[in-house]
Amino acid sequence: MLSGDDGALERVNEAGERAGLRPVLRRGGESALEPAAGGVDGALGRLVAIVHGAVADGSWAHLKACERDSCRWAFYDHSKNHSGRWCDMDVCGAREKSARAYRRRLAQHA
Ligand SMILES: [Zn+2]
């Protein structure tokens, strides 16, 4: 899901506008968004076009940020139900679960 947190959504849309993204149809039935601009604006526009394609084909929903505050690494969630929360279950998942268990034990003894 795309969100507008901290104006990120607006900045991405503005980058697409500066790039002058436009649909280009090709022989063979392919279509893509391509930037009219060159340079940095064009390069950023190509990234916006990749995001657009990922939203359209559903793969964007699998791209997430790790929920562990000290990580926040971007990862592709391969789970079928989009339930992945950490970049690596053996690293961030295990550390986060043990930290939560530790906090629960502290709360019980407070
Ligand atoms: Zn992580």
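Look a little higher up for the structure.
Residues numbered from 1 in each chain as written. Predicted model: local features only at pLDDT ≥ 70, side-chain atom pairs only at ≥ 80, totals over all residues. Heavy atoms only, no water.

Here's the deal with the pattern of salt bridges
At step 1: In total, this model carries six salt bridges according to the counting rule given.
At step 2: One salt bridge in this structure joins D77 and K64, with 2.8 Å as the shortest N-O distance. Of the two residues, D77 sits in the loop between β4 (74-76) and α3 (89-108) while K64 sits in strand β3 (residues 63-65), which places them 13 residues apart along the sequence.
At step 3: R100 serves as the salt-bridge partner of E96, at 3.5 Å between the closest nitrogen and oxygen. You can see E96 and its partner R100 sitting in helix α3, four residues apart, about one turn around the helix.
At step 4: A residue is classified by how much of its surface remains accessible, and R100, at 28% relative accessible area, is partly exposed.
At step 5: The network of salt bridges with common partners includes E96, R100 and R103. (Salt bridge = Lys/Arg side-chain N within 4 Å of Asp/Glu carboxyl O. Helix = DSSP H or I, 4+ residues; strand = E, 2+ residues; numbered from the N terminus. Buried < 20%, exposed > 50% of the residue type's maximum accessible area, 1.4 Å probe, protein only.)

Details of the coordination of the zinc ion
At step 1: Protein-derived coordination of the zinc ion comes from C66 (SG), C71 (SG), C87 (SG) and C92 (SG), at a distance range of 2.3 to 2.4 Å.
At step 2: Mapped onto the polypeptide sequence, the residues donating to the zinc ion form the spacing pattern C-x4-C-x15-C-x4-C. Placement of C66 in the loop between β3 and β4 and of C87 in the loop between β4 and α3 is noted, with a sequence separation of 21 residues between them.
At step 3: Classification of C66 as buried rests on a relative accessible area of 0%. (Donors = N, O, S within 2.8 Å, 3.2 Å for Na, K, Ca; no water.)

Here's the deal with helix α1 (residues 8-19)
At step 1: For α1, with twelve residues, the first-to-last C-alpha span of 17 Å sits near the 16 Å given by 1.5 Å per residue.
At step 2: Among all positions in α1, only A15, G16 and A19 are buried. Buried residues of α1, seen end-on, are gathered within an arc of 100° and therefore sit on one face of the element.
At step 3: Against α2 (39-57) lie the buried residues of α1. (Expected span 1.5 Å × (residues − 1). Arc of directions from axis to C-beta. Contact = heavy atoms within 4.5 Å.)

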